[in-house]
Amino acid sequence: MATSQDQSLGSSSDETCQLRFREKLLAIDLELKVQDVESLKFLCIGFIPQNKMDKCRSALHLFDYLMTGEMISVKDAFFLAELLYTIKQNYLLRHLGYTKKQVEHLLPIRGRLSPFRKLLYELSEGIDEENLKAIIFLLADKIPKGLTSSLSLLAYLEKNTEIDEDNMILLEKVFKKVAPFLLRKIENYKREKETESLPQGQEEIFTPSDIKRFHGALTETIMYRMDRKHRGHCIIINNHSFTSLKDRPGTHRDAECLKLVFEWLGFTAHKYDDVTKGVMDKILQEYKSHPGHADGDCFVFCILTHGEFGAVYSSDGVLIPIRSIMHHFTAQQCPGLAHKPKLFFIQACQGSEVQTSVLTEADAQNSKHFSLMDSVPTEADFLLGLATVPGYMSFRHIRDGSWYIQSLCSHLKKLVPRQEDILSILTAVNNDVSQQVNSDGTLRQMPQPAFTLRRKLVFPVPQNAHLLL
């Protein structure tokens, strides 16, 4: 009887664990969006038979197939953790008992996704709507109509053997025309693949000069150069007074903070107050062809003004698309900045004005429909830091300056000496600003960076780093 009872209790315990595991999977499913499910299906190609994959209509169907194939279970759900990590849904790892750092630590020994699968997914993330349309047009004779996403396009090319882990020629030809910044991902993939295929047991002897040269080449591969004659120019457009819009008290504090911090970082800062559309055009033309770019590391352009979705106002009330401003500094328009990071920071609303407290104002005018996706040039080496996400307002204290610019300056001063890269710094800014509220606790703000940077951007620590801390 004792044995029978033990078996019964064991069976009951297993059923309870299985139920709890399925509850966790259900919780994950509820937080995944349609695009997330498509991403998971793409990553599972090769793990789940195609006929079953075609029947997947939700993450729950996918989870069932993964359990049936014993790729995930109550005792081992790491493969699902790897999938969620790959699609950057790290906050869902908690349901599986993992943290992001734990997954990163285990991936080298437990990861199951092939480098080829991960490469295709990374490429899909880099293909925006505009690029996708161009690629579909170029490949019209090779693909059927109706492909609506980069994932479906790549899956079709792979299924029809137009691409495979040893043949990326077609994509390389297309990307060379449409999205050259993605070629580096393919080059890195090839390089890693060649390294893995080298015969084991063979040793190479390198001289100290070889090692120094390799280190320099590696550093340049993963980080932007920051060792030219000067750091570069920083332009600050500071609009306080307007001909037809309300004033922006507090903006002068932002402008001075930006000037102080970027000069501290080694830039030559130029501040322009109350800039009309005509003056803006002259400034853009001047710095588009500035000879100093040739010996500079970087370029920064800051705009403090009123704004709408995807555009900013000049002091005489003319609405200027952000993309048209940034377009002046593409490699074709401004060769001196080719392959160098170009940073744009914009303190302006991206949505309609709402009622605010007395000391907190919004930088919004009536919203019009501009596409943020069209703001950043499709070529590489651009970063656009917006004070707020599309459709929403950004806030400026009439004495202390804006939440976003003040946080940006504060975190640059704090994190550059720690050798943090610019994207890590902007992530910290996002976290800081998202936790701020106005005086009555009703208004919040979330900044948004958009970028096509190919390398890490780490500003050298200023020799007088302690002076601004």
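Residues numbered from 1 in each chain as written. Predicted model: local features only at pLDDT ≥ 70, side-chain atom pairs only at ≥ 80, totals over all residues. Heavy atoms only, no water.

Peer 1: Describe the confidence of the model for the chain, with residues and values.
Peer 2: Mean pLDDT over the chain stands at 83; residues scoring 70 or higher make up 79%. Overall, residues 1–10 carries pLDDT values under 50, and its contacts beyond four positions in sequence, including any with other chains, amount to zero contacts. Between residues 364–374, whose pLDDT stays under 50, and residues either more than four places distant or in other chains, the model counts 34 contacts. (pLDDT = per-residue confidence, 0-100. Contact = heavy atoms within 4.5 Å.)

Peer 1: Describe the side chain of Gln 89, with residues and values.
Peer 2: Tracing the backbone through its elements, the reader meets Gln 89 in the loop between α5 (78–86) and α6 (100–110). Gln 89 sits in the buried class, given a relative accessible area of 13%. Once residues within four sequence positions are removed from consideration, Gln 89 is found in contact with Leu 32, Asp 36 and Leu 84. (Helix = DSSP H or I, 4+ residues; strand = E, 2+ residues; numbered from the N terminus. Buried < 20%, exposed > 50% of the residue type's maximum accessible area, 1.4 Å probe, protein only.)

Peer 1: Run through empty space enclosed by the protein, naming residues and quoting values.
Peer 2: According to the stated counting rule, one finds one cavity of 30 Å³ or more in the structure shown. Looking at the largest cavity, its volume works out to about 30 Å³. The wall of the largest cavity is formed by Gly 385, Leu 386, Tyr 404, Leu 426, Asn 430, Pro 447, Gln 448 and Pro 449. A breakdown of the residues in the lining of the largest cavity according to their chemical character gives five nonpolar, three polar and no charged. (1 Å grid on protein atoms, 1.4 Å probe; cavity = no way out; pocket = protein on both sides within 12 Å on 5 of 7 lines; lining within 4 Å. Points joined across faces, edges and corners; volume = space filled by probe spheres on them. Nonpolar A, V, L, I, M, F, W, Y, C, P; charged D, E, K, R; others polar.)

Peer 1: Summarise the packing of aromatic side chains; cite the residues concerned and give the values.
Peer 2: As enumerated under the stated definition, the model contains 13 aromatic pairs in all. Ring centres of Phe 267 and Phe 459 lie 5.8 Å apart, and the angle between their planes is 80°; this geometry places the pair in the edge-to-face category. Of this pair, Phe 267 sits in the loop between α13 (251–264) and β2 (268–273) while Phe 459 sits in the segment after β12 (448–451), and the two are 192 residues apart along the sequence. According to the relative accessible area criterion, Phe 267 is buried, its value standing at 4%. For the pair Phe 301 and Phe 344, a centre-to-centre distance of 5.8 Å together with 25° between the ring planes defines the contact as stacked. Taken together, the residues span a long stretch of sequence, with Phe 301 in strand β3 (residues 296–304) and Phe 344 in strand β7 (residues 342–347) at a distance of 43 residues. Comparing Phe 301 with Phe 344, the two get one shared label, buried. Members of the aromatic cluster, joined through ring pairs, are Phe 299, Phe 301, Phe 329, Phe 344 and Phe 382. Stacked on the ring of Phe 42, the Lys or Arg Arg 117 has its end atom at 5.1 Å from the ring centre. The cationic tip of Lys 342 hangs over the ring face of Phe 382; the distance from NZ or CZ to the ring centre is 5.1 Å. (Phe/Tyr/Trp six-rings, centres within 6.5 Å; stacked < 30°, edge-to-face > 60°. Lys NZ or Arg CZ within 6 Å of the ring centre and 35° of its normal.)

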